[in-house]
Amino acid sequence: MKIYISTDMEGLPGINSWHQVSDKDPRYLNRYLEETLRWVIEGIRASKQNSDVDQIFICDSHALGENISYDFTEYDDRIYLVRGGLRDYYMMAGLDNSFSTVFFVGYHAGVGAIHGTMDHTYSSASVHTMKINGMTMNETLINAAFAGEMGIPVSLVIGDHALVEELKDVLKGTVLIETKKGLSRFAAIMKPKDLLRKEILEGVKIALDRTVDNSIKIYKFTPPYELDIEFNSTEMTDQSMLMPGLKRIDGRRIKYTCESYEILLQTMLAVVYTAKIGTEMGK
C-alpha cells in the first residue's frame with residue numbers, strides 16, 4: 001500500500017490569518033503542519049494495515065512548497081517528501097496510479113464560503129469563482145478529481161468546518177475531520193488539541209479500512225471537461241487571455257474545454273499564475 005498525502009496550511013488547527021502561514025512569522029511556520037502530520041503517521045502506525053504500507057508520500061503544497069522540513073522524514077523511514085515549486089500538478093505532484101489512497105491535510109473551504117477560514121480557491125488574489133462542468137469547486141474537489149482520473153480514492157480530509165460542509169454530500173465514504181469552526185474569514189473556534197489528535201488517529205484507521213474494503217466512491221468528472229473562472233478584475237482576465245485556447249465570456253470570465261483532466265489542471269494552474277503574476281508586474 002502506498003499513501004499519498006497532500007498538505008495545505010489554511011485548514012490546520014491553530015491557524016487563522018495569513019501571517020501564520022508565511023515565512024515572515026517563524027513562530028507558526030511548520031509547527032502545526034508537522035504536528036498534524038505526526039498524528040496522521042501515528043494513525044497509520046496504529047492501523048491494521050500498517051505492515052502493508054511501504055510508502056508514505058507527502059507533497060508539501062502550500063505556497064512554494066517549502067513548509068515541511070526535510071528532517072521530518074526521520075519520523076518514519078517510509079516518508080518521501082516533495083518540496084519546492086514550480087512543478088507539474090502543484091498540489092498533486094508525483095501522484096500516479098501506483099498509489100492506493102489519497103489524504104488531504106490542512107485543506108480549506110473554497111472561495112466565497114461563509115465563515116471559511118482564509119477561504120480561496122488556488123489564488124486569494126485573483127480567483128472570484130471557479131467551476132468545472134458547472135460545479136463550484138474548492139481545492140479539495142479539484143485535486144480529488146485528479147486522483148479519481150487514476151482510480152484513486154480520497155479516503156481522508158482534514159480541514160475547517162466550512163470545508164467539511166462543502167464536502168459531506170459530495171465525497172461519499174471519505175472520512176472528514178474538522179479542525180476548527182470559522183467565526184469570520186480570520187477568526188475561528190479551535191478544537192482542543194488532544195481531542196483532535198484522537199479524532200485523527202481514529203479517522204486514519206477508518207480511512208485505511210475503507211480503502212482496503214473499496215467502500216469509498218471515486219470522485220471524477222465525465223469528459224469533456226469545462227473550466228469556468230471568474231477573476232477579481234478585468235485586468236486579470238486580460239492577462240489570462242495570453243494563454244491559447246481560452247474563450248472570454250465577459251469582462252471577468254473565461255472558459256476552457258478539453259478532453260484530458262490532466263491538461264485541464266495544468267491549464268488552470270497556468271491561467272491563475274498568469275493572472276496573478278501579471279497583476280504584480282503591473283504594479
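It should be noted that the structure appears before, not after, this text.
Predicted model, so just to flag it, every value in this text is computed and none were measured.

1. Quick look at the overall build of the protein
- When helices and strands are tallied, the protein shows six helices and 13 strands.
- The C-alpha atoms of the protein give 18 Å as radius of gyration, which agrees with the globular expectation for 283 residues (19 Å, within 12%).
- Expressed as a percentage of the 283 residues in the protein, the buried residues total 53%.
- Contacts spanning at least 24 positions in sequence make up 70% of the contacts within the protein whose residues lie at least 6 apart.
- Per element, the accessible surface of the protein, about 12,200 Å² overall, is 50% carbon and sulfur.

2. A few points about the pairing of strand β5 (residues 127–132)
- Alignment of β5 against strand β11 (residues 225–231), held across five bridges, turns out to be antiparallel. What sits directly across from Ile132, in β11, is Leu227.
- With two bridges connecting them, β5 and strand β6 (residues 135–136) associate as antiparallel partners. Opposite Ile132, over in β6, you have Met135 as the bridge partner.
- Hairpin connection, β5 to β6: the antiparallel pair is bridged by two residues, and Asn133 has positive phi, about 50°.

3. A word on the pattern of salt bridges
- Following the criterion strictly, the structure yields 13 salt bridges and no others.
- The salt bridge involving Asp76 is made with Arg45; its shortest N-O contact spans 3.2 Å. Of this pair, Asp76 sits in the loop between β2 (55–60) and β3 (79–82) while Arg45 sits in helix α1 (residues 31–46), and the two are 31 residues apart along the sequence.
- With a closest N to O distance of 3.0 Å, Glu165 and Lys168 form a salt bridge.

What counts, and where the lines are drawn
- Residues numbered from 1 in each chain as written.
- Predicted model: local features only at pLDDT ≥ 70, side-chain atom pairs only at ≥ 80, totals over all residues.
- Heavy atoms only, no water.
- Helix = DSSP H or I, 4+ residues; strand = E, 2+ residues; numbered from the N terminus.
- Rg over C-alpha atoms; globule rule 2.2 N^0.38 Å.
- Buried < 20%, exposed > 50% of the residue type's maximum accessible area, 1.4 Å probe, protein only.
- Contact = heavy atoms within 4.5 Å.
- Areas by Shrake-Rupley, 256 points an atom, 1.4 Å probe, with all protein chains shown as cover.
- Pairing = 2+ DSSP bridges.
- Salt bridge = Lys/Arg side-chain N within 4 Å of Asp/Glu carboxyl O.

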